[in-house]
Every structure is written in C-alpha cells, then in structure tokens.
Amino acid sequence: MSDPILEEELIDIADFFKVFADPTRLKILFLLNEGECSVNTIAERLEMNQSAISQQLKTLRSSRLVKFRKEGRSIIYRLNDDHITKILTLGREHYEELIG
C-alpha cells in the first residue's frame, strides 16, 4: 500500500495536468512527440505566429514538459522525457476508446 498523498502533492499534480488543458500546448506536445523541432517549424506546422508559439513553449518549459537546445541562432525543442510521451499516448488511447 502506498503512502497517502499530501495536499501539497495534490496541488502540484493538479497544476501539472492543467498545462495539458490548453489545445495549443497539446498540439505542440504531440508535434514534439514526433521529434525535435525549432520554434519556426512549430509555428509553420501549426499555422500560428512565432510569438504565440514562444509564449506556449515558455509555459511548457516552466512546467518541465519540454527541453531546448541552441543550434546556431535556432532554438530546438523536444519533449523532456518518456513520461510525457506516455501521458500523450494514454490520453489519445482513452479518447479513441470513448469515441469508438
């Protein structure tokens, strides 16, 4: 049997899941699940302006869902770890079961 979850933990977990509640952030995460992308590539693929993408990436970075590296003048983003991939996969599987 696991230890009871503390109130502070519940708040942190709730905040973590709130990040997934935004469709634009989810689009970015699903795109990065396919592989690394620059800000320009993300903006082009999602047909959004770079400023809006950068704002969402800032939230994803602060929530530690994505990492970045510099390549020349470009910033390349990727998912932080396999846990994010698993969460996206489970979310999609759950959705497909609901509509199926």
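These remarks concern the structure in this document.

About the cut-offs
Residues numbered from 1 in each chain as written. Predicted model: local features only at pLDDT ≥ 70, side-chain atom pairs only at ≥ 80, totals over all residues. Heavy atoms only, no water. Helix = DSSP H or I, 4+ residues; strand = E, 2+ residues; numbered from the N terminus. Buried < 20%, exposed > 50% of the residue type's maximum accessible area, 1.4 Å probe, protein only. Contact = heavy atoms within 4.5 Å. Expected span 1.5 Å × (residues − 1). Polar contact = N/O pair within 3.5 Å; in protein donor to acceptor, adjacent residues only side chain to side chain. Core = buried A, V, L, I, M, F, W, Y, C linked by side-chain atoms within 4.5 Å. Phe/Tyr/Trp six-rings, centres within 6.5 Å; stacked < 30°, edge-to-face > 60°. Lys NZ or Arg CZ within 6 Å of the ring centre and 35° of its normal. Arc of directions from axis to C-beta.

### Digging into the overall build of the chain
- Within the chain, the secondary structure is distributed over five helices and three strands.
- For the chain, the α and β elements follow one another from N to C terminus as α-α-β-α-α-β-β-α.
- Reported as C-alpha extents along the three principal axes, the dimensions of the chain are approximately 50 × 35 × 20 Å.
- Within the chain, the proportion of its 100 residues that are buried is 25%.
- Look at the contacts in the chain between residues 6 or more apart in sequence, and 47% of them connect residues 24 or more apart.

### Brief notes about helix α5 (residues 82–99)
- With 18 residues, α5 should cover 26 Å at 1.5 Å per step; its first-to-last C-alpha distance of 26 Å lies within 8% of that length.
- Sitting at the amino-terminal end of α5 is aspartate 81, which places a side-chain oxygen 2.9 Å from the backbone nitrogen of histidine 83.

### Re the nonpolar core
- The biggest cluster of nonpolar side chains holds 20 residues, and the ones touching the most others in it are Ile28, Leu29, Leu32, Ile42, Ile53, Leu57 and Leu60.
- Those elements that place two or more of their residues in this core are α2 (23–33), α3 (39–46), α4 (50–62), β3 (74–79) and α5.
- Beyond its immediate sequence surroundings of up to four residues, leucine 29 is in contact with Phe20, Leu60, Leu65, Val66, Leu79, Ile84 and Leu88.

### Observations regarding the packing of aromatic side chains
- According to the stated counting rule, one finds four aromatic pairs in the structure shown.
- An angle of 75 degrees between the planes, with centres 5.3 Å apart, marks the rings of phenylalanine 16 and phenylalanine 17 as edge-to-face.
- We classify phenylalanine 16 as partly exposed; its relative accessible area is 27%.
- Between phenylalanine 16 and phenylalanine 20, the aromatic rings sit 5.3 Å apart at their centres with planes inclined by 70 degrees, giving edge-to-face as the arrangement.
- Of the residues examined, phenylalanine 20 reaches a relative accessible area of 11% and is grouped as buried.
- Taken together, the ring pairs in this structure connect Phe16, Phe17 and Phe20 into an aromatic cluster.
- The side chain of arginine 92 reaches across the aromatic face of phenylalanine 30, ending 5.6 Å from its centre.

### A few points about α4
- Along its 13 residues, α4 runs 18 Å from first to last C-alpha, staying within 8% of the 18 Å computed at 1.5 Å per residue.
- Here α4 has its buried residues at Ile53, Gln56, Leu57 and Leu60. Taken end-on, α4 shows its buried residues confined to a sector of 105 degrees, consistent with a single buried face. Exposed residues pointing more than 90 degrees away from the buried face of α4 are listed as Ser51, Gln55, Lys58 and Ser62.
- Capping the start of α4 is the job of one residue whose side-chain oxygen sits 3.2 Å from the backbone nitrogen of serine 51: asparagine 49.
- Backbone geometry just downstream of α4 places arginine 64 in the positive-phi region, at approximately 60 degrees.

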